[in-house]
Amino acid sequence: MLTVLAPGPLTTVQDRGRPGLGGIGVGRSGAADRASAALANRLVGDDVSAAVLECTLGGLVVRAETDLLAVTTGARCPGSPVHCAPGLLRAGTVLDLGTPPSGLRTYLAVRGGVDVAPVLGSRSTDVLSGLGPAPLRAGDVLPVGAPSGRLPGVDVAPVADPPAGPLTVRLLPGPRADWLTAAALRLLGSAPWTVTADSNRVGLRLAGPALERRVSGELPSEGLVRGALQVPPSGAPVLFLADAPVTGGYPVAGYVADDDVDRCAQLRPGQELRLRS
Amino acid sequence: MRVLPSGSSALLVELDDLDAVLGFTAALLDRALPGVADVVPAARTVLVVTDGDPAGVRADLERLPWRPGRRGSGERVELPVHYDGADLAAVAELLGTDPDGLVAAHAGREWTVAFCGFAPGFGYCTPDTDPWDVPRLTSPRTRVPAGAVGLAGGFTGVYPRESPGGWQLVGRTDVAVFDLARDPAALLRPGVRVRFVPC
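Worth saying up front: this structure is predicted, and the values here are computed from it rather than measured.

Before going further, it helps to spend a moment on the pattern of salt bridges. Summed over all chains, the structure comprises 26 salt bridges over all chains. Here the salt bridges do not stand alone but share partners, grouping R34, R226, D258 and D262 of chain A into one network.

Right, let's talk about the environment of V116 of chain A for a bit. The topology assignment puts V116 of chain A in the loop between β8 (105-110) and β9 (141-142). Apart from residues lying up to four places away in sequence, V116 of chain A is in contact with V13, R123, P133, L142 and P143 of chain A.

With that settled, the discussion passes to the domain arrangement of chain A. Residues and elements named next belong to chain A. Split by domain assignment, chain A resolves into domain 1 (2-142) and domain 2 (167-275). Taking the mean C-alpha position of each, domain 1 and domain 2 sit 27 Å from one another. Of the residues lining the interface, 30 residues belong to domain 1; the matching set on domain 2 comes to 17 residues. In total, domain 1 and domain 2 occlude about 1,600 Å² of area from one another, counting both sides; carbon and sulfur atoms represent 49% of this. Counting across the interface, domain 1 meets domain 2 through 2 salt bridges. The partner of E54 in a salt bridge is R201, with the nearest N and O atoms 2.8 Å apart. Between the two partners, domain 1 and domain 2, sit 16 residue pairs in polar contact (both at pLDDT 80 or more). The biggest single contributor to the side of domain 1 that touches domain 2 is helix α1 (residues 34-43), with 3 residues.

Take the packing of aromatic side chains next. Residues and elements named next belong to chain B. One pass over the full model with this rule turns up 12 aromatic pairs over all chains. Summarising the aromatic geometry, the rings of F115 and Y124 are spaced 4.5 Å apart at their centres and angled 25° between planes, so their arrangement reads as stacked. Given the relative accessible area of 8%, F115 is considered buried. By relative accessible area, which is 13% here, Y124 ends up buried. Between Y124 and W167, the ring centres sit 5.2 Å apart and the planes meet at 80°, which makes this aromatic pair edge-to-face. With Y124 in strand β7 (residues 123-127) and W167 in the loop between β11 (163-165) and β12 (168-172), the pair connects residues that are 43 residues apart, well separated along the chain.

Counting residues at the interface gives 27 residues for chain A, matched by 31 residues for chain B. Regarding the contact of chain A and chain B, the summed buried area is about 2,000 Å², with carbon and sulfur atoms giving 64% of it. Seen at the junction of chain A and chain B, the total is 7 residue pairs in polar contact (both at pLDDT 80 or more). Elements with a minimum of two residues in the side of chain A that touches chain B: β10 (167-173) and β13 (222-223) of chain A. Of the residues contributing to the side of chain A that touches chain B, the split by class is 15 nonpolar, 9 polar and 3 charged.

Right, let's talk about helix α1 (residues 18-31) of chain B for a bit. All names here are of chain B. Between its terminal C-alpha atoms α1 stretches 20 Å, which fits the 20 Å expected from 14 residues at 1.5 Å a residue. Across the 14 residues that make up α1, a large majority, 10, are buried. Considered for burial, the residues of α1 that qualify are L18, A20, V21, L22, G23, F24, T25, A26, A27 and L28. Positive phi appears at A32, one or two residues downstream of α1, with a value of about 45°.

The subject of this paragraph is the layout of surface pockets. The computed volume of the largest pocket comes to approximately 1,000 Å³. In this structure, the largest pocket is lined by 40 residues; those nearest its centre are S221, T247 and G249 of chain A together with F118 and Y124 of chain B. Those elements that provide at least two residues to the lining of the largest pocket are β16 (247-248) of chain A together with β6 (111-116) of chain B. By residue class, the composition of the lining of the largest pocket is 23 nonpolar, 12 polar and 5 charged.

It is worth spelling out the domain arrangement of chain B at this point. All names here are of chain B. You can read the domains of chain B as domain 1 (2-63) and domain 2 (76-198). Computed from C-alpha coordinates alone, the two centres of domain 1 and domain 2 are separated by 27 Å. Across the contact, 7 residues belong to domain 1 and 7 residues belong to domain 2. Contact with domain 2 buries area across many residues of domain 1, yet L18, L22 and P41 alone supply 70% of it, more than any other trio.

Analysis parameters
Residues numbered from 1 in each chain as written. Chains lettered and ligands numbered in written order. Predicted model: local features only at pLDDT ≥ 70, side-chain atom pairs only at ≥ 80, totals over all residues. Heavy atoms only, no water. Salt bridge = Lys/Arg side-chain N within 4 Å of Asp/Glu carboxyl O. Helix = DSSP H or I, 4+ residues; strand = E, 2+ residues; numbered from the N terminus. Contact = heavy atoms within 4.5 Å. Domains from an automatic or database assignment. Buried area = accessible area lost by both parts, 1.4 Å probe. Polar contact = N/O pair within 3.5 Å; in protein donor to acceptor, adjacent residues only side chain to side chain. Phe/Tyr/Trp six-rings, centres within 6.5 Å; stacked < 30°, edge-to-face > 60°. Buried < 20%, exposed > 50% of the residue type's maximum accessible area, 1.4 Å probe, protein only. Nonpolar A, V, L, I, M, F, W, Y, C, P; charged D, E, K, R; others polar. Expected span 1.5 Å × (residues − 1). 1 Å grid on protein atoms, 1.4 Å probe; cavity = no way out; pocket = protein on both sides within 12 Å on 5 of 7 lines; lining within 4 Å. Points joined across faces, edges and corners; volume = space filled by probe spheres on them.

And the structure:
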């Protein structure tokens, strides 16, 4: 068991989400940085589908109520003695995550996984649809499940911290690239974009040059997945993350390569993003 | 039919109209193509989410036999409705009838769930004949109760939970169209045939 003493700005339970339910209007959700969440599970010897805690900008304080093998991955918070290096938290130990100097999301895995009740097959909180457990609050007691794999015998995972500076990711074609002018499409793949403060698990709002649309009409809503770069009439693109809506009514001009979406999920407001085709 | 790229894992199939969406979706759901992880129909498109190999799935999609229109078979759902919606009289007048006439027409036709959107379990139901064209409210309601039955455009739908909403309300059902404790959680899934029964 794990008791939440403070959740920080936002801590949610996350796993691999709810794939395959888009047809009934349920988005996938799941860890925003899937690679970091999967690494955390591997380091404590759990299946990658086990649920972990996703802590946004540090501030999470938890107390182990039993001896727990734990690890943190993603944004490196001061105060974590187990970052990318699984270690035992003895019963009564308090883990107090400070603010990470770079990156946004830290994943805390405990061996056995966070065993809250699943909703539609997943323990993930979807902040857009409201499905899944509520964001954590002080006083929450989280059950820990049974281990779902063998310990890997790894002391330290040599993983680079998320960068504090500009990030460059791969840009792939989107279905409605032809709704932008040729100049706007070039800008999308060359301009520096700044992540704005009104970004969350649903998506990153990007500030930069306005993208001029060639087609001004309305688009009937159509399906999208994370990584979609949607261009609303304002011309400021939105990069959708884990809690993306199932469908959207603005043209999707491009996509960030799926692996790179994990890295985008570590971007903080003010950080620069470049898209390269 | 045009198959458009959608990043690393998905393909967007663009079709001529809603009838084509109904037919293509039905064929896809029947066939369960290898490598397809999710099928998300919408008004003019079907998003096909793959396990990570869109190129492989693309060839199968282009070879998939299908024809536009509803499937003859398919699951059927009956929803008892109290036709006492706040907009019933206004919508009836708009469609050139009276409330009784609108109820008879709404309950007298068979609807098919074409796609879901707006909220989990909100199915956009299209009629088998003569779709109406009902405008949305100019000012959406801030609170529409769960179970409210509404009309918008050519569609009818049931609000799965309390939410804001701009559809014109003609009635309400006591049946939970989206229930997390039930399997399946959503009653109104793409392809399901729906009849509304006055009660």
